[in-house]
Amino acid sequence: MTVLDHRHPAAVPGWLPGATGPRSDPAPLLPDATPVRVLGTPALEKTDPELLHELYRRLVVGRRYNQQATTLTKQGRLAVYPASTGQEACQVAAAMALGEQDWLFPSYRDTLAVVSRGVDPLEALTLLRGNAHTGYDPKATRTAPLATPLATQAPHAVGLAHAARLAGDPVVALAMLGDGGTSEGDFHEALNFAAVLNAPVVFLVQNNGYAISVPLTQQSAAPSLAHKAVGYGIPGRLVDGNDAPALHAVLTEAVERARSGGGPTLIEALTYRIEAHTNADDATRYREDDEVAAWREHDPILLMERHLAAAGMLDDALVRDCAAQAEDLAARMRAEFHADAQLDPMSLFAHVYAEPTPQLREQADQLAAELAAEAEVHH
Amino acid sequence: MTVLDHRHPAAVPGWLPGATGPRSDPAPLLPDATPVRVLGTPALEKTDPELLHELYRRLVVGRRYNQQATTLTKQGRLAVYPASTGQEACQVAAAMALGEQDWLFPSYRDTLAVVSRGVDPLEALTLLRGNAHTGYDPKATRTAPLATPLATQAPHAVGLAHAARLAGDPVVALAMLGDGGTSEGDFHEALNFAAVLNAPVVFLVQNNGYAISVPLTQQSAAPSLAHKAVGYGIPGRLVDGNDAPALHAVLTEAVERARSGGGPTLIEALTYRIEAHTNADDATRYREDDEVAAWREHDPILLMERHLAAAGMLDDALVRDCAAQAEDLAARMRAEFHADAQLDPMSLFAHVYAEPTPQLREQADQLAAELAAEAEVHH
Amino acid sequence: MTTATPVRGARTASMAQALNSALRDAMQADPAVHVLGEDVGQLGGVFRITDGLTKEFGADRCLDTPLAEAGILGTAVGMAMYGLRPVVEMQFDAFAYPAMEQLFSHVAKMRNRTAGRLPLPITIRIPYGGGIGGVEHHSDSSEAYYTHTPGLHVVTPATVADAYGLLRASIASDDPVVFLEPKRLYWGKTEFDPALPVEPIGRAVLRRTGRSAVLITYGPSLPVCLEAAEAARAEGWDLAVLDLRSLVPFDEQTVCEVVRSIGRAVVVHEASGFGGAGAEIAARVTEKCFHHLAAPVLRVTGFDIPFPPPMLEHHHLPGVDRILDAVARLQWED
Amino acid sequence: MTTATPVRGARTASMAQALNSALRDAMQADPAVHVLGEDVGQLGGVFRITDGLTKEFGADRCLDTPLAEAGILGTAVGMAMYGLRPVVEMQFDAFAYPAMEQLFSHVAKMRNRTAGRLPLPITIRIPYGGGIGGVEHHSDSSEAYYTHTPGLHVVTPATVADAYGLLRASIASDDPVVFLEPKRLYWGKTEFDPALPVEPIGRAVLRRTGRSAVLITYGPSLPVCLEAAEAARAEGWDLAVLDLRSLVPFDEQTVCEVVRSIGRAVVVHEASGFGGAGAEIAARVTEKCFHHLAAPVLRVTGFDIPFPPPMLEHHHLPGVDRILDAVARLQWED
Ligand SMILES: Cc1ncc(C[n+]2csc(CCOP(=O)(O)OP(=O)(O)O)c2C)c(N)n1
Ligand SMILES: Cc1ncc(C[n+]2csc(CCOP(=O)(O)OP(=O)(O)O)c2C)c(N)n1
Ligand SMILES: [Mg+2]
Ligand SMILES: [Mg+2]
């Protein structure tokens, strides 16, 4: 008996002559008509205050991280930074919904989720600084490298989750994507594999309304991106992506269902990218200031502060402490990145293969000789 | 004002803060719980008898075509034949739902649809005979070459339909796919492009239960393949794929909606592949005889005969005439394919580019010299 | 950033501006020309090559597509089947890879498959190569994948005038053209006049004459080779520099003439050397010019490694010194 | 069709059977080895290479996937990240193209990207090449796309023993290996003993000694070259035949030794010549052995055309006559 033997009711007589309809009921797979919210609803009262405080802390520190990194790009200390400013609730909730043993598969915009998972905040920026492709140890941190080619990390998450399930390990994989990424073939193939394999994987789509300059209306005509789930036979959930406790609840539920053998979930989080796509982008070319302004009113930190304060759950000490922690982090970032990175050019050849080919050995010798000659000149 | 300017209500305030749900109502996009049927339902009475007779004629001739082609593979006169035996209703209904000006984008299994469109029955087999890649003129016949790489023809159909719409031409494109093909990224990307562009294109998925040996349950966990439509914001229809008039009705409706600016439709037709995948396949390795036997009872021709006869709409003269026409076609196929194909090896270089590169010219000279030398030897 | 205002006559322009003009002029000249890709509309492309086209010609002619490269190219195939001349933008080199099946199995083969009845006049613009400090996936040199695929033309300009002229010629071609734009040459300005014709696709151009050896190159490496040739004078070498301009068709005649007359050659490109375009050039030239060669044709290329992170890319990219080292190895003592 | 019953010791076997045994033995030896692909389960693959594996090891170990090659390879990447050793089957050469982005941007680069922390021991089996009368898309020789991609090993057996030995070695490799199986050699049987070790990946093997010239080849062209060498005796030529076995790593040392000692070489492969693997071999050998060459290294390859329809493929594929014509052009008079 294997794990896969019983993934689906084997023979489905519904597809033989006499079939009268779908193999399963689509209704439970469809997202609710209203995005899930906790802030401003009675659910807030029932939420663990410690969780709320931890979410708040991470939001505040995360915002500062985003801001400092953005500033560092302006100073030329980072090659590029795709900020998640405005999307911190998604980033933080994603990290917190996962256990130690779970794996995160972030996209290029999800540095903050990586940091919030516990990866060193500076190592997480190595790619974007430009000194190495990945600064952290994916195995030790159970965090895949930031994926640049869109949606390509989604099948990786499925494969890892599948392998873990085969091993009997209670590991869940969470893949993070953007709204634009849902248009790629890899998104489709990953969701289908996940569903067919019943893999313990959760897909979190941060729908921030744009793929660089392209608005969602030109990306998809679907009722919602969460509605894509039904085409794979998995549940779709729609959640307010700036409501951190709502995200945490929806994600945790999906992670736990996956862990207990219930299969994958597709979650669409409605959010907004406050900064330009990256420091190289000019967002004024494709969106209006009032749109940004409207979303600033729906800022994830603002919402938390407003609702926690209203519920009497936010005290000044906490606010001050979070702010101080944020400033500490920013200072550490400045210190680190204003120093020049130490790099070994010979590292270029070290990890192409387990053993370099004869050709690579020759090329490494060539570069070593060049570097030696240069060093000579400089002495 | 351009065609695309108004493809969707421009600003969708639902996605701004305060969003309460999906941008559009998914309900009308979901397929019915029961596949559409005409045979054995009151709808049959309301169907044009001439249409029914024409469908019947094409089914009978089509079946003979499938059988004769299969026989020719056994005799080594065709390299390969992926028969649509058992799926003839899908094939002929697809062809009949299209107007002269419309385009068909067939997959490798859809030779019969191509023939039923009016392409010469022998030219349609050129690819499978092995003498040339395409035997017919796609532009003159508005029929794309049979697509071998799965689902790759789907975006072509979208692009052509889009171009026609931009030109103001009332042209619809119909793309045919298998159940397995729906797993490919190209399927997903095509449907999404079609929906976003509101292109006049119809996707017909012939769900015959298998992709070579892989049953649908290992291909998809969706309630039905038609349910995939909702993820793109287009209507999904489920139809009995062995009920020719039902297929014709559903396809015609979709084609006409597309033509009148109503956008794309995804249709899933429930059918069965009676023969092995191709003559190179051994279907006993992955399916039971009783499954095949059960579907033989639900054969598209049998169903037509049974229900037309019951309705008093099938007379012997028609049956005899169709059978004779079928035998004529089979005889023509045998005659043609038992003669050896006449081929010009130099054609290999003729159409790689509009103008051959210098390298190709040199290579063509080389082959010409070789052929001349051979001819010398043989004289 | 380019200006959206069209200018006539001789002007100072960057390659980015010249490409923009070429698109605009092609769209003006032929209503069948349609541009599509990611962010090519309102944004004008991430490199602003399509700047202003949607404004001038409407979204129907310059279309922001959903984010799916196979879908983009596949849609372009269908558009071309209906008689249009699509110009596709792939946002960066590595982001063309999802479209490889459409490219290899359809774009390259459709004319041949249909015995000439369904030509696909599609131009696929791909910004390529390194030298701009791009993070991973933004600096690949993928030309070898395309040059090895029969049915594709592969064109890459190295000058502002060629950027304009070759792009116009590519769009006018009845065959699919992979048009590789050297990113790091986008911004340098020179004088050019779009009215002056350039050599056609398939013709190599000698950018500098010389008698000691010839550097055979294309795209982003042309300026590096010209600089190397200049520096070589100090070493007593008089280097010719040949710009291939198109890799397919390959101008064997010109290349061989030059090599035969000089007798020594070095091929220079950014892409990894193993199985790179330089291998074909070296092998072909050697086969055709063997007895004219005083030394083997050498290659100076990127290493056989994934493209490095920004801070290390200068070690990977062929530079003046590495070219001069190769020239020094051309067996001058023989 | 292969038998599903494992046999020990020396035996007569086809390459298909040897590959099947290699998979079975690898799965037996290491529970981390997992096979996945289209129709690899109950059907045993369209070429029956995976015959019986699902029965023996269960569907968890030999998995019929949905029909999506990028999904298959991407899933394998994730499995490898968790410590498994996936063996992926691509059903035919041209059907690997949808997976090119996963291959180029992840499989080839993950070890390097992570400074060795995330190696991907994935074997990608691809039946390739023509000569079996396959219709379009079923006969491509796509090795050049892989050999030009740093981070991939590219291996292709030409004998039954190598099919077994190299596949075992590929699966055991901690790096991704593109394992190209010459379809048309699947069925020919020879004696072989899986217990006898073969030369490792990266080592070329001289299949026939000779003093006039050496034919350098791999995969499906090896038997053709051996036949040509036999036929050449009638013309007075004593041809050596060198089987590369792996294109990456490329056994430069052995190849150069042989070429230097003989002085004349012809590279033979099925793939289109322009930018094919033969270009690299010719260019490299020439560079390293220039003064030992009595004639330029010539290439006999497929034409630069899309793969022809079955009835014409024999005109395209390098045959004995075309090889002998090339040998005749090796400037014997010089
Ligand atoms: C395969 C691929 N194509 C194109 C790109 C270039 N690109 C980088 S980000 C981006 C937009 C992504 O939009 P979305 O998925 O919504 O994520 P967001 O940036 O909004 O977080 C594009 C087109 C890419 N990285 N990968
Ligand atoms: C991209 C691609 N991958 C694999 C194949 C090989 N192949 C040919 S037909 C087939 C099964 C197709 O199943 P389905 O789509 O259900 O169509 P059917 O054969 O049932 O008509 C496969 C895997 C292919 N043609 N193209
Ligand atoms: Mg977005
Ligand atoms: Mg099927």
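Residues numbered from 1 in each chain as written. Chains lettered and ligands numbered in written order. Predicted model: local features only at pLDDT ≥ 70, side-chain atom pairs only at ≥ 80, totals over all residues. Heavy atoms only, no water.

A. Summary view of the overall build of chain A. Check the secondary structure of chain A and you find twelve helices and seven strands. Seen through its C-alpha atoms, chain A measures out along the principal axes to roughly 85 × 60 × 40 Å. Within the span of chain A, comprising 379 residues, buried residues form 62% of the whole. Accessible area of chain A: about 13,100 Å², with a carbon and sulfur share of 52%. Counting 29 positive and 48 negative side-chain charges, chain A places the averaged centre of each group 3 Å from the other. (Helix = DSSP H or I, 4+ residues; strand = E, 2+ residues; numbered from the N terminus. Buried < 20%, exposed > 50% of the residue type's maximum accessible area, 1.4 Å probe, protein only. Areas by Shrake-Rupley, 256 points an atom, 1.4 Å probe, with all protein chains shown as cover. Lys, Arg positive; Asp, Glu negative; His and termini not counted. Charge placed at Lys NZ, Arg CZ, Asp CG, Glu CD.)

B. Spatial organisation of the side chain of S246(C). All names here are of chain C. As for its placement among the helices and strands, S246 is situated in strand β12 (residues 246–248). The class for S246 is buried, based on a relative accessible area of 1%. Among the polar contacts listed, one links the side chain of S246 to the backbone nitrogen of G202, at a separation of 3.0 Å. Polar contacts involving the side chain of S246 include one to the main-chain carbonyl oxygen of P249, which spans 2.6 Å. Other than its neighbours up to four places away in sequence, S246 contacts V154, V155, I201, G202 and R203. (Polar contact = N/O pair within 3.5 Å; in protein donor to acceptor, adjacent residues only side chain to side chain. Contact = heavy atoms within 4.5 Å.)

C. View of the environment of P235(A). Mapped onto the fold, P235(A) is located in the loop between β5 (214–215) and β6 (236–240). Beyond its immediate chain neighbours, meaning those up to four positions away, P235(A) contacts P28(A), L29(A), A229(A), R257(A), P264(A), T265(A) and L266(A).

D. Fine view of the pattern of salt bridges. In this structure the tally under the stated criterion is 77 salt bridges over all chains. Note that E370(A) and R322(C) form a salt bridge whose closest N and O atoms lie 2.7 Å from each other. Within this pair, whereas E370(A) is found in helix α12 (residues 358–378), its partner R322(C) is found in helix α12 (residues 320–328), the two belonging to separate chains. Per residue, the accessibility class of E370(A) equals that of R322(C), and both read buried. Note that D30(C) and R85(C) form a salt bridge whose closest N and O atoms lie 3.8 Å from each other. Separated by 55 residues along the polypeptide, D30(C) in the loop between α1 (15–29) and β2 (33–37) and R85(C) in strand β4 (residues 85–89) bring together distant segments of the chain. With a relative accessible area of 25%, D30(C) lands in the partly exposed category. The buried category is assigned to R85(C), whose relative accessible area is 17%. One continuous salt-bridge network, built from bridges that share partners, spans E362(A), R299(C), E252(D), E280(D), R284(D) and K288(D). (Salt bridge = Lys/Arg side-chain N within 4 Å of Asp/Glu carboxyl O.)

E. Representation of the site of ligand 2. Lining the immediate surroundings of ligand 2 are 21 residues, of which Y108(B), R109(B), D179(B), N208(B) and E69(D) lie closest. More than one chain reaches ligand 2: its neighbouring residues belong to chains B, C and D. Bound to the protein, ligand 2 loses 96% of the 580 Å² it would expose on its own. Of the residues belonging to the shell around ligand 2, the class tally is eight nonpolar, seven polar and six charged. (Near = heavy atom within 4 Å. Nonpolar A, V, L, I, M, F, W, Y, C, P; charged D, E, K, R; others polar.)

F. Up close: the pairing of strand β13 (residues 265–272) of chain C. Residue and element names in this part refer to chain C. The element β13 is extensively covered by neighbouring structure, given that eight of its eight residues are classed as buried. Sheet topology places strand β10 (residues 213–217) next to β13; three bridges connect them, and they run parallel. Residue V214 lies in a different strand from β13, and its bridge partner there is A265. Both β13 and strand β14 (residues 298–302) contribute to a ladder of four bridges, which runs parallel. Its bridge partner being in β14, S272 is matched across the sheet by G302. Of the crossover connections in this fold, the one passing from β13 over helix α10 (residues 277–289) to the parallel β14 is right-handed. (Pairing = 2+ DSSP bridges. Right-handed = clockwise from strand over helix to strand, strands pointing away.)

G. Seen up close, helix α10 (residues 300–310) of chain A. All names here are of chain A. Among the residues making up α10, those that are buried are P300, I301, L303, M304 and L308. In a view along the axis of α10, the buried residues occupy a sector of 160 degrees, so they form one face of it. Looking at the packing, one finds that the buried side of α10 touches α1 (49–74), α2 (88–97) and α8 (244–259). Structurally, the start of α10 carries an N-cap: the backbone nitrogen of I301 is 2.8 Å from a side-chain oxygen of D299. Looking at the residues trailing α10, positive phi occurs at G312, about 70 degrees. (Arc of directions from axis to C-beta.)

H. Just helix α11 (residues 316–338) of chain B, in detail. Residues and elements named next belong to chain B. Given a rise of 1.5 Å per residue, 23 residues ought to cover 33 Å, and the 33 Å separating the end C-alpha atoms of α11 matches this to within 8%. All buried positions along α11 are accounted for by L318, C322, A326, L329, A330, M333 and F337. Taken together, the buried residues of α11 touch α1 (49–74) and α4 (126–129). (Expected span 1.5 Å × (residues − 1).)

I. Geometry of the packing of aromatic side chains. The final tally for this structure, using the stated rule, is 34 aromatic pairs over all chains. The interplanar angle of 80 degrees and the centroid separation of 5.0 Å between the aromatic rings of F104(C) and Y97(D) together place this pair among those described as edge-to-face. One end of the pair, F104(C), is in helix α4 (residues 100–107); the other, Y97(D), is in the loop between β4 (85–89) and α4 (100–107), on a second chain. Of the two residues, F104(C) and Y97(D), neither departs from the other in class, the shared state being buried. Seen in terms of ring centroids, F47(D) and Y186(D) are 5.0 Å apart; in terms of plane orientation they differ by 50 degrees. Their pairing is tilted. (Phe/Tyr/Trp six-rings, centres within 6.5 Å; stacked < 30°, edge-to-face > 60°.)

J. Summary view of the coordination of the magnesium ion (ligand 3). All names here are of chain A. Taken together, D179 (OD), N208 (OD1) and Y210 (O) make up the full set of protein donors to the magnesium ion (ligand 3), lying 1.9 to 2.1 Å away. In terms of primary sequence, the donors binding the magnesium ion (ligand 3) are separated according to D-x28-N-x1-Y. Here the residue D179 occupies a position in the loop between β2 (173–178) and α7 (185–197), and Y210 occupies one in strand β4 (residues 210–211), the gap between them amounting to 31 residues. Judged on exposure class, the residue D179 and its partner Y210 are both buried. (Donors = N, O, S within 2.8 Å, 3.2 Å for Na, K, Ca; no water.)

K. Representation of the site of ligand 1 within the structure. Residues in contact with ligand 1 amount to 21 residues; listed here are only the nearest, Y108(A), R109(A), D179(A), N208(A) and E69(C). Lying at an intersection of chains, ligand 1 is approached by residues of chains A, C and D. Take T148(A): an N or O atom from its main chain is 2.8 Å from a nitrogen atom of ligand 1. Between an oxygen atom of ligand 1 and a side-chain N or O atom of D179(A), the distance comes to 2.6 Å. When ligand 1 sits alone it has 580 Å² of accessible area, and the protein chains cover 96% of it.

L. Representation of the nonpolar core in the model. Counting 278 residues, the largest nonpolar core has F203(A), F203(B), L103(C), Y146(C), L103(D) and Y146(D) as its most contacted members. With residues near it in sequence (within four places) discarded, Y146(D) still touches A96(D), M100(D), L103(D), I126(D), L152(D), V154(D), V178(D) and L180(D). (Core = buried A, V, L, I, M, F, W, Y, C linked by side-chain atoms within 4.5 Å.)

M. Quick peek at the interface of chain A and chain D. With 46 residues of chain A at the contact, the number on the chain D side is 46 residues. Summed over both sides, the interface of chain A with chain D buries roughly 3,700 Å², with 63% coming from carbon and sulfur. On inspection of chain A and its partner chain D, the count reaches one salt bridge. Put simply, chain A and chain D have 17 residue pairs in polar contact (both at pLDDT 80 or more) between them. Mapped onto the side of chain A that touches chain D, the elements with two or more residues apiece are β1 (103–105), α5 (138–141), α6 (153–167), α7 and α12 of chain A. (Buried area = accessible area lost by both parts, 1.4 Å probe.)

N. Main features of the domain arrangement of chain A. Partitioning chain A into structural domains gives domain 1 (28–278 + 286–338) and domain 2 (345–378). Between domain 1 of chain A and domain 2 of chain A, the C-alpha centre-to-centre distance is 39 Å. (Domains from an automatic or database assignment.)

O. Expanded view of the sheet that holds β4(D). Residues and elements named next belong to chain D. Ordered in space as β3-β2-β4-β5-β7-β6-β12, the seven strands form an open sheet in which the pairing is mixed. The sheet is open, and its two edges are formed by β3 (62–64) and β12 (246–248), each paired on a single side. The sheet shows a mean angle of 20 degrees between the axes of neighbouring strands, taken without regard to direction. When strand β2 (residues 33–37) meets β3, the two strands line up parallel, connected through three bridges. Bridge assignment links V35 to a residue of β3, and that residue is C62. (Axes fitted to C-alpha atoms, helices over the stretch in contact; angles between N-to-C directions.)

P. Structural view of the domain arrangement of chain C. Residues and elements named next belong to chain C. In terms of domains, chain C is made up of domain 1 (11–192) and domain 2 (205–328). Measuring from the centre of the C-alpha atoms in domain 1 to the corresponding centre in domain 2 gives 26 Å. Approximately 1,900 Å² of surface area, both sides summed, lies buried where domain 1 meets domain 2, with 58% of it carried by carbon and sulfur atoms. Broken down residue by residue, the surface that domain 1 buries against domain 2 is led by E143, T156 and R184, which jointly contribute 23%.

Q. The arrangement of the pairing of strand β3 (residues 201–207) of chain B in detail. Residues and elements named next belong to chain B. Across the seven residues that make up β3, a large majority, seven, are buried. Side chains V201, F203, V205 and N207 project from β3 onto one buried face, and the interleaved V202, L204 and Q206 project onto a second face that is buried too. Where strand β2 (residues 173–178) meets β3, six bridges bridge the pair, whose relative direction is parallel. Bridging from a neighbouring strand, M176 pairs with L204 of β3. Bridging between β3 and strand β7 (residues 265–270) involves six bridges; their strand directions are parallel.

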